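This is what each chain is made of:
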Amino acid sequence: MPLEPRFRRVAALRRRFVNRESILAAYDEELARSGEGVRVLNIVGVGGIGKSRLIRELRDRVVGTHRTATLDLQVPAMRQQEDALAVLRVELGRQGVRFDRFDIGYAVFWQRLHPHLRLSPRELPFIEESDALSSILGDASGLPVFGTAVGLVKLADRATTGVRRWRRVRVDDTLQSLDELSNVDLADAITYLFAQDLREASSDHPYVVFIDAYEALVSASIRAGRSSMVDAWLRDLVAQLDRGLVVIASREPLGWQAYDQGWVEVIRPCQVSGLPMEARLELLTESGITDQVEQTAIAQASTGLPFYLHLAIDTRTATGDPGSAVSPEEIVQRFVQHVSGQEIRTLELLSVPRIFDFEIFQALADAFDLPPHRPAWESLTAYSFVYPAGLSAHRLHQLMRAALATRVSPATTRDVHRILRRIWENRSGQAQRTEDGVATRARAIREAAYCALHAGVVDGEGILGYADRALNCGGKQAVDGVRRDLQEFLDDSADDPDLVATARCMEAEAAIVLGDAPTAMALTPVTDWSMADVAGARLAIAAAHGRRIAGATEAARVLYAKVWETHTGPVRHRAGFCLADIEMWQGRMRGAFAMSGEILDGCPPEDALLRGDVVRLLHLAHRFVLDFDASWREWHRARELYEQADTVVGLANLKTNRAELLAWTAPVEAVDAAAEAVETQRTMGAQHELGKTFTALAIAQLRLGRYEESAGSFQAAATALEAAGYRSGRARAELFRAFLYARQGRRDAAVGAARWAVSEFIAAEVYPMLIVLAEQFLDVLGAEDRYVSEAAQEARTRIDALDPLPALEERGGRLVTTLLEERA
């Protein structure tokens with residue numbers, strides 16, 4: 001198909017838009033008001049009315065006077081919050097907006113969701129676009145960087161370039177508080193930082209953000225009867241863009257006033273109607289259709305929708321004869337019937353993928369014996385219904401895609417998806433790159449999963465495998481995309497019990513990643529599903545994690561045990577580790593040791609991370625029964641495994657464990673070890689581990705007679721543990737603070753602290769050995785407490801250690817004496 005006619009009619013159509021005086025007048029008025037608060041121009045019209053073209057025309061009108069950025073929600077990746085913000089950040093950044101604070105906040109959020117990875121240009125989108133992150137990593141001298149706000153701001157402070165900007169970053173209150181936020185709140189914070197950076201850059205250079213195809217974000221959820229909260233992130237973003245104009249194209253009015261009546265004053269709906277007859281005829285004339293009878297027939301059949309007018313012109317350009325048509329559907333049929341058979345067949349195949357490029361075109365053409373050469377590609381992409389989707393990809397207009405898809409048999413559709421899956425699988429193995437802010441490997445994994453699903457060649461375990469791969473390459477947003485694609489697939493097809501369970505599993509796991517225990521528990525109010533398959537077992541573990549976070553330790557233990565006892569697949573060992581962990585904290589040491597040995601015997605040798613976790617658990621178990629020599633042996637084994645697994649988190653936690661063990665065996669060394677661990681955990685942003693480290697430091701200082709320093713460390717531990725919501729850790733710190741009170745002669749405070757700690761241990765269903773220790777402590781003080789004594793008596797019935805209970809109590813007694821005696 002010749003290219004020139006298309007450009008002529010696009011120019012002609014733009015002149016037609018000029019005749020839509022009310023829309024352009026509204027746009028100009030809103031532009032004049034931009035900067036006075038949040039303003040939204042909502043362009044509303046049916047599919048094919050030309051909203052996308054109008055968006056491009058409106059954008060062209062402000063080139064040179066405004067910064068602009070566009071989100072095309074027809075592109076799947078742009079429907080995820082993280083990717084959407086990255087796309088906007090890259091586009092606006094290339095126009096001079098500095099996003100220093102957003103970039104750091106985004107890196108912190110990314111690291112929180114991918115704690116197993118290190119911050120690097122290979123993993124995180126747009127690092128190379130960011131002055132802030134490039135300077136930080138460049139000045140790190142090749143050392144691994146872990147993305148926490150404290151760590152990144154500290155590195156920014158050392159940067160040798162942009163000193164003035166880094167000073168502003170260093171004192172930013174929001175950045176300083178990021179490490180204390182939950183993952184849910186952190187997601188909101190990066191949106192805030194994006195809006196703040198954009199606001200500061202807009203004092204002398206306004207902006208317009210265009211959002212096309214809003215219905216692509218919400219329609220599937222509404223169609224399935226689910227909440228349309230999928231657009232909550234977009235509403236949150238728009239509500240903060242108060243120094244520019246937001247233009248949103250949608251088929252129906254936004255209706256955001258249902259969430260907040262304040263949107264009524266902010267959103268200006270603007271209905272796009274069909275082209276008037278005069279404009280239709282003028283467009284047809286300027287596109288080469290001059291016969292009045294033909295013009296009238298096409299103009300009436302199009303009902304004024306530019307999509308159908310363009311399609312009729314495409315038909316005339318390709319065949320020389322637009323024919324006659326009396327409806328929009330007949331215009332589509334005439335195009336299909338009169339354009340070259342090879343072109344139509346190729347277009348039918350290209351209606352299957354959501355996005356496509358030259359490689360995909362060639363692969364499909366080769367597979368179905370169609371022309372794969374460059375001229376054929378250029379002819380196809382010149383049609384009016386082929387839209388750009390990023391730098392190198394394309395997509396079909398949704399109306400044409402739907403029309404062409406009906407001509408492809410289900411069997412052929414599955415065949416096409418199999419071919420597409422192979423292409424995306426190959427791309428997922430390539431080096432990570434960034435295209436317009438979207439990570440290429442993560443996108444490839446999501447598209448591979450989508451194609452496998454529609455090809456009918458993947459089950460729930462396979463979908464979870466794709467999600468795991470996406471997470472392992474730093475693509476949490478792609479995991480969310482896979483989950484959404486799966487849910488939409490289930491909405492449009494007969495229920496598959498395996499895939500339904502998989503979708504629920506992914507939703508529960510997503511909630512756990514964000515620390516949202518209530519959602520994980522709401523998804524699993526009863527636990528009566530089969531745990532034999534991978535999806536069922538992983539759902540049970542997510543449900544157990546939710547209960548454990550909420551403090552229902554016994555309910556969590558029961559679920560872990562069910563997976564351990566009934567599942568024979570790859571999830572069993574992880575469930576066993578979680579179960580052994582609870583067994584240890586609840587005093588059943590015999591079971592914890594036995595289960596750990598079984599996991600190590602059955603766990604694949606190459607899974608160094610899980611093996612390291614289990615050996616570290618053995619280290620902690622030996623420490624809990626005060627067998628310090630055995631504890632040291634297991635600590636060294638765990639370090640070797642963690643180094644083999646190259647896990648930053650595991651090695652950092654071992655620093656805390658070393659300080660904890662030294663607090664009992666070598667308090668002088670423990671002070672330095674704890675100082676190193678505190679610095680590491682602050683950089684990691686792990687509040688619970690930071691609290692444990694401060695507890696170890698406080699115990700070491702207590703043993704050394706440095707009471708004032710010990711008091712400060714205990715308070716720091718309490719602050720960190722409360723911020724982390726680590727109830728049992730906070731109670732453990734308070735029990736040992738009771739020893740400090742006793743050493744200071746504050747007997748009542750010591751009794752109160754010990755009694756409160758015991759009540760917390762009982763509520764959390766953990767630490768029976770420490771309850772007994774509390775009784776021994778009060779006995780030495782001569783402050784017997786009936787509540788503590790009864791709790792200790794009950795706790796003794798729950799302790800199942802390798803050593804006899806009297807031997808454990810004898811060791812505990814020596815520990816109490818050691819903590820209460822003055823150091824010579």
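Residues numbered from 1 in each chain as written. Predicted model: local features only at pLDDT ≥ 70, side-chain atom pairs only at ≥ 80, totals over all residues. Heavy atoms only, no water.

1. What to know about the overall build of the protein
Within the protein one finds 41 helices and nine strands. Sequence-distant contacts in the protein: of pairs separated by 6 or more residues, those separated by 24 or more amount to 69%. Carbon and sulfur atoms make up 50% of the accessible area of the protein, which amounts to about 32300 Å² in all. (Helix = DSSP H or I, 4+ residues; strand = E, 2+ residues; numbered from the N terminus. Contact = heavy atoms within 4.5 Å. Areas by Shrake-Rupley, 256 points an atom, 1.4 Å probe, with all protein chains shown as cover.)

2. Re the sheet that holds strand β2 (residues 67–72)
Spatial ordering of the open sheet is given by β2-β3-β4-β1-β5, a layout of five strands whose pairing is parallel. This sheet does not close on itself; its edge strands, each paired only once, are β2 and β5 (267–271). The mean inter-strand angle of the sheet, taken between neighbouring strand axes irrespective of direction, is 15°. Here strand β3 (residues 207–212) runs beside strand β4 (residues 245–250); their pairing, made up of four bridges, is parallel. When the bridges of β4 are listed, Val 208 appears paired with Leu 245. (Pairing = 2+ DSSP bridges. Axes fitted to C-alpha atoms, helices over the stretch in contact; angles between N-to-C directions.)

3. Points about the pairing of strand β1 (residues 39–44)
A regular strand carries its side chains on alternate faces of the sheet. Among the six residues of β1, six are classified as buried, and the element is accordingly described as predominantly covered. The alternating pattern of β1 places Arg 39, Leu 41 and Ile 43 on one face and Val 40, Asn 42 and Val 44 on the opposite face, and all of these are buried. When β1 meets β4, the two strands line up parallel, connected through six bridges. In the sheet register, Leu 41 faces β4, and the bridge partner there is Val 247. (Buried < 20%, exposed > 50% of the residue type's maximum accessible area, 1.4 Å probe, protein only.)

4. A look at the nonpolar core
Grouped together as the largest cluster of nonpolar side chains are 240 residues, with contacts concentrated most on Val 40, Phe 194 and Val 238. Not counting residues within four places of it along the chain, the set of residues in contact with Phe 194 comprises Leu 85, Leu 88, Arg 89, Leu 92, Phe 99, Phe 102, Leu 237 and Leu 241. Core analysis: the second largest hydrophobic core is formed by 19 residues, Leu 41, Leu 54, Val 208 and Leu 245 among them. (Core = buried A, V, L, I, M, F, W, Y, C linked by side-chain atoms within 4.5 Å.)

5. Structural notes on the pattern of salt bridges
By the definition in use, this model includes 51 salt bridges. Measuring nitrogen to oxygen at the nearest pair gives 2.9 Å for the salt bridge that ties Glu 722 to Arg 730. You can call Glu 722 exposed: its relative accessible area is 52%. Beyond isolated ion pairs, a larger network of salt bridges with shared partners links Glu 29, Glu 30, Arg 39 and Arg 268. (Salt bridge = Lys/Arg side-chain N within 4 Å of Asp/Glu carboxyl O.)

6. Brief notes about helix α35 (residues 687–703)
Its 17 residues give α35 an end-to-end C-alpha distance of 24 Å, which sits within 8% of 24 Å, the value for a rise of 1.5 Å per residue. In terms of residue burial, α35 counts as a mostly covered element, since 16 of its 17 residues are buried. Two residues or fewer past α35, Gly 705 is found with a positive phi of approximately 80°. (Expected span 1.5 Å × (residues − 1).)

7. Examining the environment of Leu 73
Inspection of the secondary structure assignment puts Leu 73 in the loop between β2 and α4 (81–93). Between the alpha carbons of Leu 73 and Ala 216 there is a distance of 5.9 Å; along the sequence they are 143 residues apart. Contacts of Leu 73, omitting those with residues within four sequence positions, involve Met 78, Arg 79, Ile 211, Asp 212, Ala 213, Tyr 214, Ala 216 and Leu 217.

8. A closer look at the confidence of the model for the protein
Overall, the predicted model of the protein reaches an average pLDDT of 84, with 87% of residues at or above 70. Long-range and interchain partners of residues 1–19, a stretch whose pLDDT sits below 50, account for 46 contacts in this model, where long-range means more than four residues apart. (pLDDT = per-residue confidence, 0-100.)

9. Considering the environment of Pro 605
The residue Pro 605 is located in the loop between α30 (589–602) and α31 (608–624) in this model. A residue is classified by how much of its surface remains accessible, and Pro 605, at 62% relative accessible area, is exposed.

10. With respect to unusual backbone geometry
A positive phi angle, near 60°, is found at Glu 765, a position not held by glycine. Mapped onto the elements, Glu 765 comes out in the loop between α38 (747–764) and α39 (768–781).

11. Notes on helix α28 (residues 553–566)
Across its 14 residues, α28 extends 20 Å between first and last C-alpha, which sits within 8% of the 20 Å expected from 1.5 Å per residue. Within the span of α28, buried status applies to Thr 553, Ala 556, Leu 559, Tyr 560, Ala 561, Val 563 and Trp 564. Along its buried surface, α28 packs onto α27 (534–549), α29 (572–585), α30 and α38.

12. So, the packing of aromatic side chains
Counted by the stated rule, this structure contains 19 aromatic pairs. Ring geometry for Phe 99 against Phe 102: centres 6.1 Å apart, planes inclined by 70°, an arrangement best described as edge-to-face. On the accessibility criterion, Phe 102 (0% relative accessible area) is buried. Here Trp 585 and Tyr 767 contribute two aromatic rings whose centre-to-centre distance is 5.4 Å and whose plane-to-plane angle is 85°, an arrangement assigned as edge-to-face. You can see Trp 585 sitting in helix α29 and its partner Tyr 767 sitting in the loop between α38 and α39, a full 182 residues away along the chain. For Trp 585, a relative accessible area of 14% corresponds to the buried category. The exposure class assigned to Tyr 767 is buried, which follows from its relative accessible area of 3%. Lying over the aromatic face of Trp 424, Arg 427 brings its terminal NZ or CZ to 4.8 Å of the ring centre. (Phe/Tyr/Trp six-rings, centres within 6.5 Å; stacked < 30°, edge-to-face > 60°. Lys NZ or Arg CZ within 6 Å of the ring centre and 35° of its normal.)

13. Remarks on the packing of helix α22 (residues 440–455) against helix α24 (residues 476–491)
Orientation of α22 relative to α24, taken along the N-to-C sense of each, is 20°, at an axis distance of 9 Å. Regarding the angle of α22 to α24, the classification is roughly parallel. The chirality of how α22 crosses α24 is right-handed. Contacts from Ala 442, Arg 446, Ala 449, Tyr 450, Leu 453 and His 454 of α22 reach α24 at Ala 478, Gly 481, Val 482, Asp 485, Leu 486 and Phe 489. In the contact of α22 with α24, the residues fall into eight nonpolar, two polar and two charged. (Parallel < 35°, antiparallel > 145°, perpendicular 65-115°, else oblique. Left-handed = near helix turned anticlockwise from the far one by under 90°. Nonpolar A, V, L, I, M, F, W, Y, C, P; charged D, E, K, R; others polar.)

14. Notes on the environment of Ala 503
Within the secondary structure, Ala 503 sits in helix α25 (residues 497–513). In this structure the C-alpha to C-alpha distance between Ala 503 and Leu 490, which are 13 residues apart in sequence, comes to 8.9 Å.

15. What to know about the side chain of Asp 197
Mapping Asp 197 onto the fold places it in helix α10 (residues 183–200). Engagement of the side chain of Asp 197 in a polar contact is seen with the side chain of Arg 101, the distance being 3.0 Å. (Polar contact = N/O pair within 3.5 Å; in protein donor to acceptor, adjacent residues only side chain to side chain.)

16. Examining the packing of α25 against α27
α27 packs onto α25 with a crossing angle of 30° between their chain directions and a minimal axis gap of 9 Å. With respect to each other, α25 and α27 are oriented roughly parallel. At the point where α25 passes α27, the crossing takes the left-handed sense. On α27, the residues touching Ala 501, Thr 502, Arg 504, Cys 505, Ala 508, Glu 509 and Ile 512 of α25 are Ala 535, Arg 538, Leu 539, Ala 542, His 545, Gly 546 and Ile 549.

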